[in-house]
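Architecture at a glance
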Amino acid sequence: MFDLEFMRLAFAAGAIVGLLAPAVGFFLVQRRMSLIGDGIGHTAFAGVAFGYLVGISPVLTGLVAAVGGAVGVEWLRTRRTAAGDQALALLFYTGIAAGVVLVSAAGALNADLFAFLFGSILTVTRGDLVLVAVLGLVGLATIGLAYRALAGVVLDEEGARVAGVPVGLLNVLVSGLAGVTIAVSMRIVGILLIAALMVLPVIAASRVAWSMRSTLVLAMGIGLASVLVGLTVSYYGDLAPGGSIVLLASAAFVATSLVRAFRSA
Amino acid sequence: MPLAVELSGVSFSYGRGAPPVLAGVDLAIDQGEFVAIAGPNGGGKTTLVRIVLGLEEPASGSALLFGEPAGRFSRRATLGYLPQRPYLAAEVPATVREIVAAGRLAAGGLFGPLRRRDRAIVDEAIARVGLAAQADSPLARLSGGQQQRAFIAKALAAEPSLLVLDEPTTGVDVDAQEALAELLHRLHHDLRVTVLYVSHEFGAVEHIVKRLVLVRGRIVFDGPPSELPGRWHDPSHVHV
């Protein structure tokens, strides 16, 4: 399997995605914003479509749209211009509608576009890997450095605000990281399923974890294992990688739920 | 020495044209005082606290914290605040230590791991509220009273000059309420910190505070609890 360059590229990019997505999702789940990843994914779709229309790298335009959408929804939420779910709905439907219009204008309804939507192990290029590696490692380093601040805000946002912690800036940082995660993951997992890789490993980990830190570490482990095993299954079974990866993350949730039930019995 | 809290002629309403939540509030609290602020739900207690903490700007009048405008208070890291039943996602298995360490965020710096001195302050705060044995237990495994003590320890970790507790007895049984009151009394005595205890009922702290402020859109009583007129003894039924 590793004799093939596209598999080596897919595994390298997938390993970074498998670690980054749950690490960012950890903060989204705890803020009860699990679905924001879907909204950002829809915006990223519009960005990808725009890339096809104007002939720029769709990964780059997807990245800009995803980060812009993520920061936009946080802005709408904090300005109380729209309630959290309304802000998400606005992002969801505007993103997908813009994507459909742009795709039809570009005449790009082809297999490559479907690879962005559902993921593909064949399409990761060396250029993609460099982008995924740089952004992914910067994202992970940012989380490592700001973990205490981000966790503190999750635990007690109002208390942190009173203490003078820049809560708004930290929330924008999480949203920006979510946008970056979507953009770097869409080649492997697909725009429509990446949100699941951000959320499911965290929910699975929280069933058996004993602290916030252990939840984060376990979630990253489950995310990494889901991606690596999912890519392998996808290769040998000739299946879409996004679906395989997410089904494995779902299986991890079932397994950890069983462990918890067994412990409680 | 400046007053810990000084409100002068404070009025506030949520939105233009909305009825005032507070009108003409004057309140002066000395450093080191332990004051209970009581009143019915919707009477403006929480709004008053938010103005004191600089989270809301009064429509008229002024709010000072230790002599500085509350909204631009320069030593925010020294404010210990326990919001109404802090929200925690049910699935977040945060330990007592993780929660208390979050109280050291502003004072101990935002980035990187906590320094040794900050970790020692966190341990001390946990010990002060009697949770040393449960320091690494997930909060969800503790009783309501223990959970509230963990959040008080979080506020203490800031080494506060002002400790504000908003409805600290919500969801806590009577025995735990009394234990909480004793704990606050001891902390106030040991640390000489200014304490604002905000609640719709003040029975738990009636015997330990020397000053009770009753809020119902304005201040309708300010004095020792023993001098509170009988008709106001249950502030949730105050009718002015």
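Residues numbered from 1 in each chain as written. Chains lettered and ligands numbered in written order. Predicted model: local features only at pLDDT ≥ 70, side-chain atom pairs only at ≥ 80, totals over all residues.

Side note on the overall build of chain B
For the record, the criterion: Helix and strand assignments come from DSSP, with helices taken as H or I runs of at least 4 residues and strands as E runs of at least 2, each series counted from the N terminus. The globule rule used here is 2.2 Å times the number of residues to the 0.38 power, and the radius of gyration it is set against is calculated over C-alpha atoms. We call a residue exposed when 12 or fewer other C-beta atoms sit within 10 Å of its C-beta, buried when the count reaches 20 or more, and partly exposed for counts in between; the C-beta positions come from the backbone. Remark: residues whose backbone-derived C-beta atoms lie within 7 Å of one another are considered to be in contact.
Assigned secondary structure in chain B consists of 6 helices and 10 strands. Whereas a compact globule of 240 residues would reach a radius of gyration of roughly 18 Å, chain B reaches 18 Å, a difference of no more than 12%. Dimensions of chain B, computed from C-alpha atoms along their principal axes, come out at roughly 50 × 40 × 35 Å. Across the 240 residues of chain B, 46% fall into the buried class. Contacts spanning at least 24 positions in sequence make up 68% of the contacts within chain B whose residues lie at least 6 apart.

Side note on the sheet that holds strand β4 (residues 60-65) of chain B
All names here are of chain B. Under the convention used in this document: Strands are labelled as partners when DSSP assigns at least two bridges between them. Here an angle of 0 to 180 degrees is reported between the N-to-C directions of two axes, which are lines fitted to C-alpha atoms, with helices fitted over the stretch in contact.
Sheet architecture is open: 4 strands sit in the order β2-β1-β4-β5, paired in antiparallel fashion. What marks the edges here is a single partner per strand, and that holds for β2 (22-29) and β5 (68-69). For strand β1 (residues 5-12) and β2, the ladder comprises 5 bridges, and the chain directions are antiparallel. Looking at the pairing, F12 lines up with L22 of β2. Packed on one face of the sheet, helix α1 (residues 45-52) meets β1, β2 and β4 and runs near 125 degrees to β1.

Remarks on the sheet that holds strand β9 (residues 211-215) of chain B
Residues and elements named next belong to chain B. Spatially, 6 strands are ordered β6-β7-β8-β3-β9-β10 in an open sheet, and the strand pairing comes out mixed. Of all the strands in the sheet, the pair left with one neighbour each is β6 (79-82) and β10 (219-223). Across this sheet, the average inter-strand angle for adjacent strands is 15 degrees, counted without regard to direction. Strand direction decides the pairing type here: strand β3 (residues 34-38) and β9, joined by 4 bridges, are parallel. Across the sheet, A38 pairs through a bridge with L214, a residue of β9.

By themselves, these are just geometric observations and shouldn't be taken as functional.
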